[in-house]
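# Survey of secondary and tertiary structure
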Amino acid sequence: MRISVSSDMAAGVADALVADLRRRGHDVLTHGALNPGVGDDRDDWAWASEAAARDVADGRADQAVVCCWTGTGASIAANKVPGVRAALCADAYTATGARRWNDANALALSLRVVSEPLLGEILDAWFEGRPSEEADDRANVAHVDAIAQA
């Protein structure tokens, strides 16, 4: 799977995240502080998160992982890109639910609170999770996508 990853700083689990994704066999695209000095790629959280989210929306990546100190700004920026459903996850249960009930295609992480062991748990849950086929869950996801188009 091709995963687009962004971070506004090379701190916390940012580098461990990229290494973990590659170890899992994913093709990783990097933005922001993970891609220093390349092109016009800014490392500010809003720009970096938008770049990763646009990779998903434009089909260059299957999913994204966006990071900033709290994860909140990264998730807000990613969610502004039509077709992207970013979920801020601080534990494995939330990551499972985000994939199952929200069909999230972008994982937002806090560089401050996510440790390397917790990162592994979150990523395990994220990649094991599958979108629900239940009619009410699909209707909710479709409605969220319609809101973004309004």
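The preceding data block contains the structure.
What you see is a predicted model, and the numbers here were worked out from it, not measured in a lab.

Below, the discussion takes up the nonpolar core. Formed by 28 residues in total, the largest nonpolar core has its most connected members in Val5, Leu17, Leu21, Val65 and Leu109. At the level of secondary structure, the elements contributing two or more residues to this core comprise strand E1 (2-7), helix H1 (14-23), strand E3 (63-68), helix H4 (92-102), strand E5 (106-110) and helix H5 (116-128). It is H5 that contributes the most residues to this core, seven residues altogether. Those residues in contact with leucine 109 that lie beyond four places of it in its chain are Leu17, Val65, Val66, Cys67, Cys68, Gly71, Leu88, Cys89, Val114, Leu119 and Ile122. By size, the runner-up hydrophobic cluster in this structure holds 14 residues, among which are Ala53, Ala74, Ala78 and Ala86.

The parallel open sheet is built from five strands, whose spatial order is E2-E1-E3-E5-E4. Of all strands in the sheet, those with a lone pairing partner are strand E2 (27-32) and strand E4 (86-88), marking the two edges. With strand direction ignored, the average angle separating the axes of adjacent strands in the sheet is 20°. Running at roughly 140° to E3, helix H3 (residues 72-79) makes contact with E3, E4 and E5 of the sheet.

On to H3. Those residues of H3 that fall on the buried side of the exposure criterion are Gly73, Ala74, Ser75, Ala77 and Ala78. Contacts made by the buried residues of H3 are with helix H2 (45-57), E3, E4 and E5.

This part is about the pattern of salt bridges. Per the counting criterion, the structure on display carries twelve salt bridges. In this structure, aspartate 145 engages arginine 85 in a salt bridge whose closest nitrogen and oxygen atoms are separated by 3.0 Å. With aspartate 145 in helix H6 (residues 135-149) and arginine 85 in the loop between H3 and E4, this residue pair connects regions lying 60 residues apart in the sequence. The class for arginine 85 is buried, based on a relative accessible area of 13%.

A full pass over the atoms with the stated rule returns zero disulfides. Note on cysteine 67: no disulfide assigned, nearest cysteine sulfur contributed by cysteine 68 at a separation of 8.0 Å. Accessibility expressed as a relative area gives 1% for cysteine 67, which makes it buried.

Below, the discussion takes up unusual backbone geometry. A positive phi is found at aspartate 103, a non-glycine position, where the angle reads about 45°. Structurally, aspartate 103 is set in the loop between H4 and E5. Judged by its relative accessible area of 14%, aspartate 103 is buried.

Definitions and limits used
- Per-chain numbering applies: the sequence of each chain, read as written, is numbered from 1 onward.
- Thresholds applied to this predicted model are a pLDDT of at least 70 for local features of residues and 80 or more for the giving and counting of side-chain atom pairs; totals over whole chains, interfaces and linings are not thresholded and use all residues.
- As a rule here, side-chain values come from all non-hydrogen atoms in the structure, and water together with hydrogens is ignored.
- Among the buried residues, those of types Ala, Val, Leu, Ile, Met, Phe, Trp, Tyr and Cys that are joined through side-chain atoms within 4.5 Å form a nonpolar core.
- Per-residue accessibility, obtained with a 1.4 Å probe over protein chains only, is compared with the maximum for each type, and a residue is labelled buried under 20%, exposed over 50%, and partly exposed between these values.
- Helix numbers and strand numbers start at the N terminus; a helix is a DSSP run of H or I with at least 4 residues, a strand a run of E with at least 2.
- Pairs of residues are marked as contacts when any of their non-hydrogen atoms sit within 4.5 Å.
- DSSP-based pairing: two strands are paired if at least 2 bridges between them are found.
- Interaxial angle, 0 to 180 degrees, is taken between N-to-C directions of lines fitted to C-alpha atoms, where a helix line uses only the stretch in contact.
- Salt bridge, as applied in this entry: a Lys or Arg side-chain nitrogen positioned within 4 Å of an Asp or Glu carboxyl oxygen.
- The criterion for a disulfide is a pair of cysteine sulfur atoms lying within 2.5 Å.

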